[in-house]
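So the chains spell out like this:
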Amino acid sequence: MFPSTGEVRYTCGMPSTPHRAAPGLSALVLVLALAVPARAEVPQRAEAASLEPLVERVVTRQLAAYRIPGAAVAVVRDGQVVLARGYGDADAGSHTPVVADTTLFRVASIGKLFVWTAVMQLAERGRLDLDADVQTYLEDIRLPATYARPLTLAHLMAHTGGFEVHGRLWPEAPPGTLAEYLRERMPARVRPPGELSAYSDYGTSLAEHIVERVSGQSFEQYLRENVLEPLGMRRTFFRRTVPPELAAGMALGHTVEDGSPRAQPLEQVVVAASGSLLTTATDLTRFMLAHLQGGQHEGHRILSEETVRRMHRQHFTHDPRLSGWAHGFMEFQLNGQRLIGHLGDAYLFHSLLVLMPEHGMGLFVSYNGPGEKDAARRARIELLRAVLEHDSPAPPPDMPVPTRDFAERAARFAGGYQTTWRAYRTAEASLGWRQEIRVRDGGDGTLHIKEPGHTPRRWVEVEPRLFRPAEDPASPERVAFREDAAGHITHLFFENQPTAAYERVPWYETSAFTYGLLAVCAALFALAVMVGVLHRSPATGLLAAMGLLHLLFLTGFTLLVRHHVELEYGTTPRLLGASMACALGAVVLTPGALAWSARAWWKRSGNLALRLSLSSAALAATAFAAWLHHWHLLGLAPL
């Protein structure tokens with residue numbers, strides 16, 4: 001699965017998230033280090049013999065520096081396996097080594113590439129139409145007909161199905177079967193298909209179910225017969241839980257405790273097979289080679305050459321100047337080269353698979369621990385850059401040439417932008433402001449763009465609505481903006497982040513307004529409680545009860561926002577339900593508080609300070625009730 005939404009952090013690249021107990025988002029992340037540099041002729045590639053010591057040097061350093069126990073790495077090129085090796089430990093406790101052809105890694109969403117390969121097979125055979133309404137193939141699941149434009153498999157492969165994204169606040173337990181999951185956890189459709197990307201585990205799971213319905217086989221059985229066996233991938237499995245017969249060969253996920261990796265038990269469960277891939281580095285070399293060799297490997301064909309070409313070319317992008325989506329493959333640009341691939345983030349494993357179809361090269365890496373401060377997320381990018389620099393050194397950068405008169409137009413870009421990789425119509429929607437990107441006029445002909453947890457960076461416009469970093473002319477990073485027909489800026493996009501867009505939000509949804517509202521309301525609610533204790537009366541007692549209930553909600557809400565990664569399946573819904581019950585109770589008391597406040601002014605009850613306290617708390621409760629309603633925080637229905 002995609003990263004999904006533990007503490008979701010956006011790093012000018014793919015959503016970076018500890019996997020929830022799953023934007024997927026997260027969770028989750030290719031950083032802007034993978035953005036477009038200037039084009040140049042590709043230098044002659046270095047000899048493969050020098051690649052293995054380079055990889056060993058980089059990975060060995062990473063494992064030691066980042067406190068990651070082990071890794072599996074594979075590199076293919078020109079139809080050959082250049083490298084397939086294990087490094088470090090599969091289990092730090094027993095010091096069991098990682099072995100490339102036997103040690104199983106949980107590579108999560110890299111399994112989605114197998115879903116899309118199966119879809120392309122069935123399309124090639126005439127059993128699926130990529131442009132047909134998916135409802136045609138879903139007799140047992142009814143999607144709401146929210147928009148006139150039909151939802152197609154082509155949309156699902158680009159994650160432009162228009163679904164909201166759930167993930168932070170989980171139900172008591174995941175449903176038993178894929179069909180049950182698709183029916184019971186159906187997200188709302190919040191935009192017409194084909195407009196914006198929002199990485200969707202649900203959309204991929206729909207495609208997986210369509211493969212099952214059309215083929216008449218379970219997803220794994222179909223893949224076993226049509227992909228895995230033909231390619232000789234005998235150590236590749238799709239398992240929601242690791243069965244006993246595979247556990248002995250499984251790399252364990254690790255956390256870092258007291259500065260050392262500590263193995264964690266194999267007890268996590270995922271819903272869809274597309275997020276449950278267990279495989280080895282050696283097996284994935286066969287899959288990479290098949291895609292790089294026109295759909296065949298060692299005489300066994302899984303796709304036609306034309307289907308592979310169709311699958312690998314770009315089919316969607318938010319901006320023609322940025323990378324986008326092939327059919328199921330994320331598209332990236334690095335060192336003047338086009339790459340396609342996928343990330344996998346789940347259960348303490350962080351993986352990356354990339355292909356360079358035009359140059360017959362592929363890389364796979366998986367780490368069995370996030371390391372300190374989620375270092376594995378950047379470690380995989382470091383390795384990719386090292387391998388590409390070895391093979392195809394980056395061309396010299398060109399200097400950005402700023403556009404004229406930008407200072408006069410800078411203010412139109414200012415505002416808050418929030419990711420499409422989030423919920424919109426459940427209580428989870430209230431968390432979007434936590435990952436807001438703030439844009440303001442730098443006052444010096446640049447934009448200042450601030451990501452959560454980072455200092456603002458200066459960006460210079462080099463083409464209309466296209467920006468490059470001002471401080472680092474050599475950086476290949478890009479940011480693009482979109483405007484509507486009226487000329488208003490509506491969206492922000494990062495290079496090499498096809499998984500999400502950023503929507504400009506109104507002032508009342510921004511983080512600045514939210515923080516201010518919560519701070520002021522919390523202070524006034526606390527004041528109401530204090531007044532109720534010091535001045536006992538029916539009016540002050542009512543306001544004190546209302547204030548106390550709101551403070552209890554704010555306490556629970558804060559715990560969810562700050563510490564939800566540590567909560568188990570059952571804890572989050574109970575805490576959320578209790579918090580929402582407190583909020584609902586406080587809202588019920590709010591009309592009475594307003595009435596008592598008005599009566600106090602009418603009767604001139606108490607002194608001026610008391611009347612002001614009552615009125616301020618009642619008005620704050622009214623504003624807070626509107627905020628709670630807007631963010632769907634007053635209902636007690638399951639998410």
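Before reading on, note that the structure itself is shown above.
Draft legend 1. Up close: the pattern of salt bridges. Overall, the coordinates contain 29 salt bridges when judged by the stated rule. With its nearest N and O atoms 3.7 Å apart, the salt bridge here joins Glu52 to Arg85. Taken together, the positions of Glu52 in helix H1 (residues 51–66) and Arg85 in strand S4 (residues 80–91) put the pair 33 residues apart, joining distant regions of the chain. Under the relative-accessibility criterion, Arg85 is labelled partly exposed at 24%.

Draft legend 2. Molecular detail of the sheet that holds strand S5 (residues 96–97). Taking strand neighbours across the sheet as the criterion, the seven strands line up as S5-S4-S3-S16-S15-S14-S13 in an open arrangement whose pairing is antiparallel. The open sheet terminates on both sides in strands that have one partner only, identified here as S5 and strand S13 (330–334). Pairing between strand S14 (residues 337–346) and strand S15 (residues 349–356): seven bridges, direction antiparallel. For Asp345, the partnering residue across the bridge sits in S15 and is His350.

Draft legend 3. Structural context of helix H12 (residues 511–534). Under the 1.5 Å per step criterion, the end-to-end length of H12 is 34 Å for 24 residues, consistent within 8% with the ideal 34 Å. When we look at burial in H12, the residues that qualify are Ser511, Thr514, Leu517, Leu518, Cys521, Phe525, Ala528, Val531 and Gly532.

Draft legend 4. Representation of helix H2 (residues 112–124) in the model. Taking 1.5 Å per residue, 13 residues should reach 18 Å; H2 reaches 18 Å between its end C-alpha atoms and fits that length. The element H2 is largely enclosed, with a buried count of 12 among its 13 residues. All of the buried residues in H2 are Lys112, Leu113, Phe114, Val115, Trp116, Thr117, Ala118, Val119, Met120, Gln121, Leu122 and Ala123. With its phi angle positive at about 80°, Gly126 sits one or two positions after the end of H2.

Draft legend 5. Representation of the nonpolar core within the structure. Phe114, Val119, Leu128, Leu153, Leu156 and Phe364 are the most contacted members of the largest nonpolar core, which has 74 residues in total. Tallying contributions element by element places H2 first for this core, with nine residues. Filtering out sequence-adjacent residues up to four positions away, Val119 remains in contact with Leu128, Leu130, Leu153, Met157, Ala207 and Val211. Listed in part, the 42 residues of the second largest apolar core include Val165, Leu352, Val354 and Ala376.

Rules used throughout
- Residues numbered from 1 in each chain as written.
- Predicted model: local features only at pLDDT ≥ 70, side-chain atom pairs only at ≥ 80, totals over all residues.
- Heavy atoms only, no water.
- Salt bridge = Lys/Arg side-chain N within 4 Å of Asp/Glu carboxyl O.
- Helix = DSSP H or I, 4+ residues; strand = E, 2+ residues; numbered from the N terminus.
- Buried < 20%, exposed > 50% of the residue type's maximum accessible area, 1.4 Å probe, protein only.
- Pairing = 2+ DSSP bridges.
- Expected span 1.5 Å × (residues − 1).
- Core = buried A, V, L, I, M, F, W, Y, C linked by side-chain atoms within 4.5 Å.
- Contact = heavy atoms within 4.5 Å.

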